[in-house]
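Chain by chain, the residues:
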Amino acid sequence: MAVTVSVFNMKGGVGKTTLTVQLAWYMMSERDMRVLVVDLDPQSNASHYLLGPEMYKEYIKNNRKTTKDVFEEYSSPVTSPPSHSPEEYIYSVRSIHDSKLDIIPASLKLSKMLKNPRGKEHALDVFLSHVKEQYDLILIDCPPTESMFTNASYRASQFILVPMKPEFLSTIGLPLIVESTEEFKVEYDRNDLAVAGIVFNVVTKTREADESKEEIKELAAKHHLHVFEEEISYSDSYMRSVREISSINETRYTRRGTTEEFKTFAEAFARRIGL
């Protein structure tokens, strides 16, 4: 059964979606895994990233099911047979032999679920219970705010991965993430939910970045949070991969150092969550 990981940070601009998508590509292509990405952000960046702008427009135009439909149709916590085939919610990005990369796309209409969120925090967990056996890894791309979607992703997950851009505002935001996870554990009696770790992402070589990394490490130590030694540097290649709808390994003109750096982190991440 799949290991499910929420990729979450309350601060935007930390490369959360890019990290989620690139981890998905890597695990599928380099580790021959069956991977599902769940787009929980109404901005739908992960969906655009994996489908491409034109295919995404066509997908929405044809009224294909999205994560909005998951919350509408699976809001009951009971595990009755689904009323629709899971294939109606899942878009196949690529498959190679026994490995595959799929996504449940999002749409702007997903934000409407927040107008009446009561009882919907179970929906994602209920839906994924019907498809978990089809995957090795499920990655949930969370919006950069705490909301019903946060609780929904936590309920469906075993781990949380926290990407952080090393800068001063990140040091302010880290305690909020800790508070969010601890409150969830108490409210839902979920001590099995673990923070897999903090990864420094979109890293630049500046004095400010170095100082912020040390401050974040100190804060993480106080809260007994793991900080990955492996970090991911800023590279134009990640933005180019969005345009090319590709993994960093397949993106044109990507330097070997960039791909090796990402591989090193991806393997450390996999070990951390037991894959």
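Check the entry above for the structure.
About the thresholds
Here the residue numbering is sequential within each chain, running from 1 through the sequence in written order. Where totals are concerned, whole chains, interfaces and linings use all residues; where local detail is concerned, this predicted model gives features only for residues with pLDDT of at least 70, and gives and counts side-chain atom pairs only at 80 or more. The basis for the side-chain values is all heavy atoms of the structure; hydrogens and waters are excluded. The helix count covers DSSP runs of H or I at least four residues long, the strand count covers runs of E at least two residues long, and both are numbered beginning at the N terminus. Radius of gyration here is computed from C-alpha atoms only, and the compact-globule reference equals 2.2 Å multiplied by the residue count raised to the power 0.38. Here the term buried applies to any residue with accessible area under 20% of the maximum for its type, exposed to any over 50%, and partly exposed to those in between, with areas from a 1.4 Å probe on protein chains only. We call two residues in contact when some of their heavy atoms are within 4.5 Å. All accessibility values rest on the Shrake-Rupley procedure with a 1.4 Å probe; residue burial counts only the protein chains present in the view. For Phe, Tyr and Trp, rings pair up if their centres lie within 6.5 Å, where Trp contributes its six-membered ring, and each pair is then called stacked (planes under 30 degrees apart), edge-to-face (over 60) or tilted (otherwise). By convention a nonpolar core is built from buried Ala, Val, Leu, Ile, Met, Phe, Trp, Tyr and Cys residues, the set being connected through side-chain atoms within 4.5 Å. Excluding any residue in a salt bridge, patches collect residues exceeding 30% relative accessible area, merging like charges within 9 Å and nonpolar Val, Leu, Ile, Met, Phe, Trp and Tyr side chains within 5 Å. The working definition used for a salt bridge is a side-chain nitrogen of Lys or Arg within 4 Å of a carboxyl oxygen of Asp or Glu. Just so you know, the count uses Lys and Arg for positive and Asp and Glu for negative, and it drops His and the chain ends. Think of each charge as sitting on NZ of Lys, CZ of Arg, CG of Asp or CD of Glu. Directions drawn from the helix axis to the C-beta atoms are what define this arc. Strands are labelled as partners when DSSP assigns at least two bridges between them. By convention, orient the strands away from the viewer: a clockwise path from the first strand over the helix to the second makes the crossover right-handed. For helices, the fitted axis covers only the stretch in contact; all axes are lines through C-alpha atoms, and the angles between them, taken along N-to-C directions, range from 0 to 180 degrees. Angle categories are assigned with fixed cut-offs, so that under 35 degrees is roughly parallel, over 145 is roughly antiparallel, 65 to 115 is roughly perpendicular, and the rest are oblique. Crossing handedness: left-handed means the near helix sits turned counterclockwise from the far one by under a right angle, and right-handed means the same turn made clockwise. Following the grouping adopted for this structure description, the nonpolar residues are Ala, Val, Leu, Ile, Met, Phe, Trp, Tyr, Cys and Pro, the charged ones are Asp, Glu, Lys and Arg, and the polar ones are all others, Gly among them.

Draft legend 1. Representation of the overall build of the protein within the structure. Per the secondary structure count, the protein includes 10 helices and seven strands. Against the compact-globule benchmark of 19 Å for 275 residues, the protein has a radius of gyration of 18 Å, which places it among compact chains. The buried share among the 275 residues of the protein stands at 53%. Look at the contacts in the protein between residues 6 or more apart in sequence, and 81% of them connect residues 24 or more apart. Accessible surface for the protein amounts to roughly 12,900 Å². Of this, 48% is attributable to carbon and sulfur atoms.

Draft legend 2. Local environment of the packing of aromatic side chains. Under the counting rule described, the total for this entry stands at 13 aromatic pairs. Ring centres 5.2 Å apart and planes at 90° place the aromatic pair Tyr74 and Phe127 in the edge-to-face group. Within this pair, whereas Tyr74 is found in the loop between helix H4 (67–73) and strand S3 (91–96), its partner Phe127 is found in helix H5 (residues 123–129), the two being separated by 53 residues in sequence. Exposure remark for Tyr74: the relative accessible area of 5% places this residue in the buried category. The exposure class assigned to Phe127 is buried, which follows from its relative accessible area of 1%. Between Tyr154 and Phe184, the aromatic rings sit 5.2 Å apart at their centres with planes inclined by 70°, giving edge-to-face as the arrangement. Residue Tyr154 is located in helix H6 (residues 148–156), and its partner Phe184 is located in helix H7 (residues 168–188); the two are separated by 30 residues in the primary sequence.

Draft legend 3. Representation of the nonpolar core in the model. Ranked by size, the top nonpolar core spans 46 residues in total, and within it Leu36, Val38, Phe71, Leu124, Phe127 and Leu128 carry the most contacts. Beyond its immediate sequence surroundings of up to four residues, Leu124 is in contact with Val38, Leu40, Val70, Phe71, Ile140, Ala152, Ser153 and Ala156. Core analysis: the next-biggest nonpolar cluster, separate from the first, contains 39 residues, Ala46, Leu51, Leu137 and Phe262 among them.

Draft legend 4. Here's a closer look at the environment of Pro144. By the secondary structure assignment, Pro144 is in the loop between strand S5 (137–141) and H6. Its relative accessible area of 22% is what places Pro144 among the partly exposed residues.

Draft legend 5. Just a negative patch on the surface, in detail. Together, Glu146, Glu179, Glu183 and Glu187 give the surface a local cluster of negative charge. With respect to the helices and strands, the residue Glu179 is situated in helix H7.

Draft legend 6. Region of interest: a nonpolar patch on the surface. Together, Phe168, Leu169 and Ile172 make up an exposed nonpolar region whose accessible area comes to about 310 Å². With respect to the helices and strands, the residue Phe168 is situated in helix H7. Judged by relative accessible area, which is 49%, Phe168 ranks as partly exposed.

Draft legend 7. Region of the structure containing helix H9 (residues 236–244). All buried positions along H9 are accounted for by Ser237, Tyr238 and Ser241. The buried residues of H9 all sit within an arc of 105° when viewed along its axis, so they share a single face. Tucked inside the fold, the buried residues of H9 contact helix H1 (16–29), helix H2 (45–51) and helix H10 (256–272). After H9 finishes, the residue Ile245 shows a positive phi value of roughly 55°.

Draft legend 8. Local environment of the pairing of S5. With five of five residues buried, S5 is to be regarded as a mostly interior element. The pairing of strand S1 (residues 3–7) with S5 spans five bridges and is parallel. The residue of S5 that forms the bridge with Thr4 is Ile138. Here strand S2 (residues 34–39) runs beside S5; their pairing, made up of five bridges, is parallel. For Val35, the partnering residue across the bridge sits in S5 and is Leu137.

Draft legend 9. Layout of the pairing of strand S6 (residues 159–164). The buried fraction of S6 is high, at six of six residues. With three bridges connecting them, S1 and S6 associate as parallel partners. Its bridge partner being in S6, Val5 is matched across the sheet by Phe159. In this fold, S6 hands off to H7, which returns the chain to strand S7 (residues 194–200); that crossover is right-handed.

Draft legend 10. Spotlight on the packing of H6 against H7. The contact between H6 and H7 brings their axes to 11 Å, and the two run at 65°. With respect to H7, the element H6 is oriented roughly perpendicular. Handedness of the crossing formed by H6 with H7: right-handed. Residues Thr150, Asn151, Tyr154 and Arg155 of H6 form the contact with H7, whose own contacting residues are Ser180, Thr181, Phe184 and Tyr188. Of the residues in the contact of H6 with H7, the class split is three nonpolar, four polar and one charged.

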